[in-house]
Amino acid sequence: MRQTWRADLGDFYAVHADSAKRLAYLLTGDNELAEDITQDAFVKIAGRLGGLRSREASPAYLRQTVVNLCRSHFRRKRVERNYLQREASMHRPETVEGRDVLAADALWKELQRLAYRQRCAVVLRYYEDLSEQQAAEVLGCSVGALKALTIRAMEQLRARVGSEALS
Amino acid sequence: MNLDHNLKTMLRARAEGVAAAPVVPDSTVRRVRVRKVLMTGGVGVTVAGVAMAGALMRSAIWSDAAPVPPAEREKQEAPRPDTVRNGRILNADSDFWQGSTAPPPPGGQHSYAWDAFDQDTGSFLYTAQSMPRVWVVDEDGLVAEIDCPASSGCGRNEMETFGPGPHELTVPSADSNEHGDVLVRNPRSVHVIGFDGTLHDTLDISAVLSQGQDLYLSDLAWSPDGSRLAISTQPDDCDLSSPCEGKVWIFDHNRGEAQTVFTGPPERVVLRDLAWSPDGRTLALLVASGSYASGYSDDPEQVWPRLVALRMPPNEPVRVETLKVYDDWDPGVKVLEVADDYHIAFPFAWSPDGTRIAVTSEGRIAEISAEDGEVLARHPGEKGFWGPLAWLRKR
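A quick note: this is a predicted structure, and the numbers were derived from the prediction, not measured.

Participant: Report on the packing of aromatic side chains, specifying residues and quantitative values.
Facilitator: Residue and element names in this part refer to chain A. Applying the stated criterion across every chain yields a total of five aromatic pairs over all chains. Where Tyr25 meets Trp108, the ring centres are 5.2 Å apart and the plane angle is 25 degrees; that geometry is what we call stacked. Of this pair, Tyr25 sits in helix 1 (residues 4-28) while Trp108 sits in helix 5 (residues 99-113), and the two are 83 residues apart along the sequence. Tyr25 sits in the buried class, given a relative accessible area of 11%. Residue Trp108 is classed as buried on the basis of its relative accessible area, which comes to 4%. Every member of this aromatic cluster is reached through a ring pair, and the members are Phe12, Tyr13 and Phe42.

So, in structure tokens, the structure goes:
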């Protein structure tokens with residue numbers, strides 16, 4: 001009764017927290033920030049778990065919340081500053097050896113350099129495996145716009161990482 | 001091999017090692033709780049902080065220095081940033097400041113932070129999860145474990161306050177909704193309960209709550225001498241689409257009369273955290289509106305929360321002064337974003353001598369002058385204090 005929200009939150013968290021954090025991590029490239037965003041998302045969604053039309057809608061709502069929160073964070077000057085510092089640190093010489101690892105690292109770095117909406121489109125399509133329609137809904141844009149975002153993102157990745165990372 | 005394949009592989013590999021905290025962190029539960037309280041006008045949501053018991057009242061700042069009267073403070077050197085001249089400031093959320101105070105109530109079912117603090121006795125009041133029971137503790141341990149009378153909302157609505165007598169609590173009378181939540185919607189009376197659990201008195205406050213519309217109580221606080229009960233209210237139908245004109249009333253215990261001493265601006269105002277100065281001449285409260293009050297991010301209003309002092313000298317009109325505007329939490333970030341995601345609680349506490357008020361500011365705890373709001377000292381801390389503050393006397 002009174003504490004139903006907490007039990008609901010606990011159950012929902014147990015099932016979906018990891019996936020929410022993974023999405024946040026891929027969108028931000030920052031593990032700690034991803035954890036913060038995950039907790040923020042659960043704070044926001046906790047009050048509405050009972051109000052959603054169905055339990056099946058909750059994961060989608062959580063995904064939407066994570067994407068929105070990531071966007072919100074990138075709007076903040078403080079976070080942008082941190083992001084730039086983080087990005088700068090990504091361009092330091094790597095000590096990791098191995099061609100595959102280097103290629104994956106290069107791809108990861110370039111993914112983080114994409115504009116947020118482009119990165120979001122890529123992650124939603126290639127990690128979350130959402131359809132174009134679903135990804136467009138999460139991003140709040142048309143399917144055409146989603147396609148354009150994805151195409152531009154992939155073009156930039158191709159151009160930046162070079163052929164070595166793709167072979 | 002192509003970019004699509006490599007991208008998928010890379011994303012999965014990157015995400016593979018990422019895991020969230022295994023259970024909902026306590027801080028998240030606390031934020032949900034605060035958010036729910038704010039979104040319901042401070043009504044009816046109590047969370048048991050079973051796992052949080054260890055974090056209770058752990059933070060403190062010690063100082064043996066004497067209280068500093070405002071007139072003399074300029075003559076003295078600025079206080080060290082990590083000390084408090086006048087007792088100790090406690091924050092329920094933080095263990096950043098080391099120190100120990102009272103143990104939490106036994107049983108582990110109490111709320112994560114105290115619901116009320118009595119500076120005179122240094123006592124804290126805790127409630128429990130959906131239990132009609134409250135605990136009073138001080139630094140020496142358990143003072144009283146009180147089973148609430150069935151007719152009271154005691155223990156279930158976070159509206160308990162100490163007073164008017166030295167071993168008494170005051171709570172709204174009970175009313176429940178279909179979920180079993182005890183509400184404080186239009187209670188016609190408040191109950192005075194002794195530490196022994198007996199009903200000492202019933203005060204008729206229907207004059208406050210018969211203004212032609214449904215009202216919620218959002219807080220109660222007795223003046224130090226037990227003669228006046230401050231009551232804050234807001235309309236029942238306060239939401240995103242309708243104005244929410246909050247009010248503060250003073251109920252005269254002896255005369256049984258109430259009068260309005262403060263009316264918030266007509267824009268979804270939440271009045272919370274009523275706290276009397278030790279001399280009973282000033283009532284401080286938190287006034288918030290816009291997205292802070294509603295808890296929604298799409299609210300167009302951007303009004304900073306503020307700490308307001310109602311000066312009530314004897315036989316003179318009430319003066320309203322703003323002591324602190326919370327516009328410095330994250331410079332460059334609009335309150336809309338701040339309020340929606342972070343920092344939606346702005347606890348404060350009077351110093352024992354009444355010259356200062358501890359507030360959260362710029363992610364720290366600061367001492368401001370109770371006269372004019374000037375920042376007198378800042379103390380290090382972590383950003384985002386949620387739980388209540390209490391300022392204890394020196395022992």
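Participant: Could you give an account of the pairing of strand 7 (residues 168-172) of chain B, naming the residues involved and the relevant values?
Facilitator: Taken residue by residue, a regular strand's side chains alternate between the two faces of the sheet. Residues and elements named next belong to chain B. Burial within strand 7 is extensive, with five of its five residues counted as buried. Both faces of strand 7 are covered, namely the face carrying Glu168, Thr170 and Pro172 and the face carrying Leu169 and Val171. Here two bridges tie strand 6 (residues 161-162) to strand 7, and the two strands are oriented antiparallel to one another. Bridge pairing in strand 7 links Phe162 to Leu169. Taking the residues between adjacent antiparallel strands as the criterion, strand 6 and strand 7 are bridged by five residues, where Gly163 takes a positive phi near 105 degrees. Bridging between strand 7 and strand 8 (residues 189-194) involves five bridges; their strand directions are antiparallel. Note that in strand 8 the partner of Pro172 across the bridge is Val190.

Participant: Lay out the sheet that holds strand 3 (residues 123-127) of chain B with the relevant residues and their values.
Facilitator: Residues and elements named next belong to chain B. If you walk across this open sheet you meet the four strands as 2-3-4-5, and the pairing is antiparallel. Among the strands making up the open sheet, the edge pair consists of strand 2 (116-118) and strand 5 (141-147). On average, adjacent strands in this sheet sit at an angle of 20 degrees to one another, irrespective of strand direction. Inspection of the sheet shows strand 4 (residues 133-138) paired to strand 5 by six bridges, in the antiparallel sense. Each residue of the ladder has a partner; that of Val136, found in strand 5, is Ala144.

Calculation rules
- Each chain has its residues counted from 1, running along the sequence as written.
- Both sets of labels track the order of writing: A upward for chains, 1 upward for ligands.
- Reporting in this predicted model follows two pLDDT cut-offs: at least 70 for local features of residues, and 80 or more for side-chain atom pairs to be given and counted; totals over whole chains, interfaces and linings ignore these cut-offs and use all residues.
- Here the side-chain values reflect all heavy atoms present in the structure, with hydrogen atoms and water set aside.
- In this analysis, rings of Phe, Tyr and Trp, with Trp reduced to its six-membered ring, are considered paired at centre separations within 6.5 Å, and the interplanar angle assigns stacked below 30 degrees, edge-to-face beyond 60, and tilted for intermediate values.
- The helix and strand labels rest on DSSP assignments: H or I over at least four residues marks a helix, E over at least two residues marks a strand, and numbering proceeds from the N terminus.
- The buried label goes to any residue with under 20% of its type's maximum accessible area, the exposed label to any with over 50%, and the partly exposed label to all in between, with areas taken from a 1.4 Å probe on protein chains only.
- Any two strands with at least two DSSP bridges between them are considered paired.
- Lines fitted to C-alpha atoms define the axes here, with helix axes fitted over just the stretch in contact, and angles between the N-to-C directions of these axes take values from 0 to 180 degrees.

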